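Here is how the chains run, residue by residue.
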Amino acid sequence: SKTAETTFVLTPLNSDAGFQQLTLYLSENRLTGMEIQDNLNQSIVIKFSEVDDKTPLTAVDFEFVPPPGADLFYYDE
């Protein structure tokens, strides 16, 4: 039997946001995918598999150092 999928559709409160809509897909309380509709009406679909929800995360896990030569764009609020 197929497990029911739960979806959450998020829409920004501010019209200056970088997207129109973000949909999160969950199955058995695990994130299985997401879809982002940008301001140009293009969609990005991401599917997650083999998600490790047992290993604790720390702040170091969210650090990102761009590789040399990467183009960087900054958005000032």
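Residues numbered from 1 in each chain as written. Predicted model: local features only at pLDDT ≥ 70, side-chain atom pairs only at ≥ 80, totals over all residues. Heavy atoms only, no water.

Caption draft 1: Spatial organisation of the pairing of strand E2 (residues 19–27). With six bridges joining them, strand E1 (residues 5–10) and E2 adopt antiparallel strand pairing. Bridging across to E2, Glu 5 finds its partner in Ser 27. The sheet contact formed by E2 and strand E3 (residues 30–38) spans eight bridges and is antiparallel. Along E3, the bridge assignment pairs Gln 21 with Gln 37. Hairpin connection, E2 to E3: the antiparallel pair is bridged by two residues, and Glu 28 has positive phi, about 55 degrees. (Pairing = 2+ DSSP bridges. Helix = DSSP H or I, 4+ residues; strand = E, 2+ residues; numbered from the N terminus.)

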